[in-house]
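Observations on the three-dimensional arrangement
Each chain is listed here by its residues.
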Amino acid sequence: MLQWFDQAGRHDLPWQHPRSAYRVWLSEIMLQQTQVSTVIPYFERFLAAFPNLPDLAAATPDQVSAQWAGLGYYARARNLHATARICVEQHGGDLPRDFDALLALPGIGRSTAGAILAQAWGDRFAILDGNVKRVLARYHGISGWPGTPAVEKQLWQQAQAHLPDSRLADYTQAQMDFGATLCTRARPACLVCVLQSDCVAFAQGRVDELPTSKPGKALPEREAIMLWLEDEQGRVLLQRRPPTGIWAGLWSLPEASDEAAARDWFDRHISGDFASAQALPDVPHVFSHYKLRIQPRRLSGLRPRDRVGEDNDLQWLDREQLRALGLPAPIRKLLDR
DNA sequence: AATCCGGGGAT
DNA sequence: ATCCCAGGATT
């Protein structure tokens, strides 16, 4: 990791030159849940307004607030200011070089305390931010959403276990750079990754599914039967959906809420034997407000009843016409198989 | 264990 | 539109 960092890490971030506890602390607070590119201009303006910790402590809440405006999570600014004043009163005007003392300050948790000690002083403490969580979850093949205590505990354990004996500031920065630029959330650069040979997720082909994403609210589940009906020329029967509701006005496969309704619809529109329909594997689809389990039924070599040809909302279409159409994604996916 | 805080980037 | 981001505090 250190070797990779020397060659490919970020060495020119504003808080790296010069490196001081105050600047590291300020950057760590600003970077909580906020991306580097967003923070940089705020960091520079803030530092110009309050060059050192006593300056910040002496400022009014309004002055601090003015510098923070636009960054979000405004409790961070209030805590920052409060911490500056505590440091002036209790720690001689600087941040304490002590884990528990840092942890006791408002706005500083376990990861930020570790980051300050490692970056400012080279002390041997682990961090666990979004980058480190992602790298460790993949490297060790740790499943489960990192927001749960059990998973977070494992990740902290690994973060602690990997700590080197020297170059802690560089190592800390290396992990974050690694996660931010190489082991990224989407499309990580596994092919050039120096950890590839030992990465469990890579070996198991699970890179894309780790770390496990946050579980969304449980969506209600509905099911629908969709009829994939082909005539003797291989044309597919499509039905225009009602003007309101899901996929309003789009062409889709004829749909029924259950098996009986499907048979009933089939017998009214098609001449053929519905009992010989082939059940294809379910196609799951997620909307914003519910999950739909599509149960496809396929029949081919059908002969349409006369009425079908006259119905404006019901049409037999060949492959080429289908491609030009604009089907709902799961329907297109189903027909493309 | 869940929820809140928040603007913004990436997809 | 959705997920996530150098998390921590509160409930």
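The model shown is predicted, which means the values in this text are computed figures rather than measured ones.

1. Considering the overall build of chain A
- Summing up its helical and strand segments, chain A has 16 helices and nine strands in all.
- Against the globule reference of 20 Å for 337 residues, chain A gives a C-alpha radius of gyration of 29 Å, more extended than a compact globule.
- Dimensions of chain A along its principal axes, counting C-alpha atoms only, are 90 × 50 × 35 Å.
- For chain A, the proportion of its 337 residues judged to be buried stands at 44%.
- A fraction of 65% describes how many contacts in chain A between residues 6 or more apart in sequence connect residues 24 or more apart.
- Of the roughly 17800 Å² of accessible surface on chain A, 49% is carried by carbon and sulfur atoms.
- The average position of the 38 basic charges and that of the 38 acidic charges among the side chains of chain A differ by 1 Å.

2. Structural notes on helix H8 (residues 110–121)
- With 12 residues, H8 ought to run about 16 Å at 1.5 Å a step, and its terminal C-alpha atoms sit 16 Å apart, in line with that.
- Within H8, nine of the 12 residues are buried, which leaves the element mostly enclosed by the surrounding structure.
- Residues of H8 that are buried include every one of Ser111, Thr112, Ala113, Gly114, Ala115, Ile116, Leu117, Ala118 and Gln119, and no others.
- In the stretch just after H8, glycine 122 is the one whose phi turns positive, near 75°.

3. A word on the protein's contact with DNA strand B
- Around DNA strand B, the neighbouring residues are Gln33, Thr34, Gln35, Gly70, Leu71, Gly72, Tyr73, Tyr74, Pro149, Arg185 and Ala186.
- Put simply, 48% of the atoms of DNA strand B that lie within 4 Å of the protein are in sugar or phosphate.
- For DNA strand B, a base nitrogen lies 3.0 Å from a polar atom in the backbone of glutamine 33.
- Separating a base oxygen of DNA strand B from a side-chain N or O atom of tyrosine 73 is a distance of 2.3 Å.

4. Structural notes on the side chain of histidine 269
- Within the fold, histidine 269 resides in helix H13 (residues 259–269).
- From its side chain, histidine 269 meets the backbone oxygen of tryptophan 265 in a polar contact 2.9 Å long.

5. Description of the protein's contact with DNA strand C
- The full set close to DNA strand C counts 28 residues, and Leu31, Gln33, Gly107, Thr112 and Asp129 are the nearest of them.
- Take glutamine 33: an N or O atom from its main chain is 2.8 Å from a phosphate oxygen of DNA strand C.
- Side-chain polar atom of threonine 112 to a phosphate oxygen of DNA strand C: 2.6 Å apart, as the coordinates give it.
- Looking at the surface near DNA strand C, the elements that each hand over two or more residues are H8, helix H9 (130–139) and helix H11 (168–182).
- Here the surface near DNA strand C is built from residues that sort into nine nonpolar, 12 polar and seven charged.

6. Overview of the UniProt feature "domain: HhH-GPD" (unreviewed entry) in chain A
- As annotated by UniProt and renumbered to match this structure, "domain: HhH-GPD" (unreviewed entry) occupies residues 30–181.
- Counted over residues 30–181, helix gives 65% and strand 0%. Its end C-alpha atoms are 19 Å apart.

7. Concerning the layout of surface pockets
- Size it by volume and the largest pocket reaches roughly 1300 Å³.
- Where the lining of the largest pocket is concerned, the elements lending two or more residues are H8, H9, helix H10 (149–161) and H11.
- Its volume calculated, the second largest pocket comes out at about 180 Å³.
- Lining the second largest pocket, in full, are Met1, Val132, Val135, Leu136, Tyr139, His162, Tyr171, Gln175 and Leu195.
- At the level of elements, H9 and H11 are the ones that each hand at least two residues to the lining of the second largest pocket.
- Ranked by residues supplied to the lining of the second largest pocket, first place goes to H9 with four residues.
- Residues belonging to the lining of the second largest pocket are distributed by class as follows: seven nonpolar, two polar and no charged.

8. Quick notes on the nonpolar core
- One finds Trp25, Met30, Phe46 and Leu56 to be the most contacted residues of the largest nonpolar core, which totals 33 residues.
- Counting residues per element, the ones that place at least two in this core are helix H2 (21–30), helix H3 (36–49), helix H4 (53–58), helix H5 (61–68), helix H6 (75–90) and H8.
- Take this core: its biggest share by element is seven residues, from H2.
- Those residues in contact with tryptophan 25 that sit more than four places away from it in its chain are Leu53, Leu56, Leu80, Thr83, Ala84, Leu95, Ile108 and Ile116.

9. Regarding the domain arrangement of chain A
- According to the domain assignment, chain A contains domain 1 (2–209) and domain 2 (221–336).
- The centre of domain 1, based on its C-alpha atoms, is set 52 Å off from the matching centre of domain 2.

10. Looking at the packing of aromatic side chains
- Counting across every chain of the model gives seven aromatic pairs.
- Between tryptophan 15 and phenylalanine 43 the ring centres are 5.2 Å apart and the planes differ by 80°, which places this aromatic pair in the edge-to-face class. Residue tryptophan 15 is found in the loop between helix H1 (2–8) and H2, and its partner phenylalanine 43 is found in helix H3; the two are separated by 28 residues along the sequence.
- Take tryptophan 15: its relative accessible area is 5%, and that puts it in the buried class.
- A ring pair is formed by tyrosine 22 and tryptophan 25, whose centres lie 6.0 Å apart and whose planes are at 50°; its orientation type is tilted. Of the two residues, tyrosine 22 and tryptophan 25 both sit in helix H2, three residues apart, roughly one turn of that helix.
- In this structure an aromatic cluster arises from ring pairing among Phe46, Phe50 and Trp68.
- Here the basic side chain of arginine 45 rests over the ring of tyrosine 42, its NZ or CZ set 4.8 Å away from the ring centre.
- When the ring centre of tryptophan 156 is taken as reference, the NZ or CZ atom of arginine 110 above it lies at 3.7 Å.

Analysis parameters
- Residues numbered from 1 in each chain as written.
- Chains lettered and ligands numbered in written order.
- Predicted model: local features only at pLDDT ≥ 70, side-chain atom pairs only at ≥ 80, totals over all residues.
- Heavy atoms only, no water.
- Helix = DSSP H or I, 4+ residues; strand = E, 2+ residues; numbered from the N terminus.
- Rg over C-alpha atoms; globule rule 2.2 N^0.38 Å.
- Buried < 20%, exposed > 50% of the residue type's maximum accessible area, 1.4 Å probe, protein only.
- Contact = heavy atoms within 4.5 Å.
- Areas by Shrake-Rupley, 256 points an atom, 1.4 Å probe, with all protein chains shown as cover.
- Lys, Arg positive; Asp, Glu negative; His and termini not counted.
- Charge placed at Lys NZ, Arg CZ, Asp CG, Glu CD.
- Expected span 1.5 Å × (residues − 1).
- Near = heavy atom within 4 Å.
- Polar contact = N/O pair within 3.5 Å; in protein donor to acceptor, adjacent residues only side chain to side chain.
- Nonpolar A, V, L, I, M, F, W, Y, C, P; charged D, E, K, R; others polar.
- UniProt positions renumbered as here; feature names shortened; annotations may be inferred.
- 1 Å grid on protein atoms, 1.4 Å probe; cavity = no way out; pocket = protein on both sides within 12 Å on 5 of 7 lines; lining within 4 Å.
- Points joined across faces, edges and corners; volume = space filled by probe spheres on them.
- Core = buried A, V, L, I, M, F, W, Y, C linked by side-chain atoms within 4.5 Å.
- Domains from an automatic or database assignment.
- Phe/Tyr/Trp six-rings, centres within 6.5 Å; stacked < 30°, edge-to-face > 60°.
- Lys NZ or Arg CZ within 6 Å of the ring centre and 35° of its normal.

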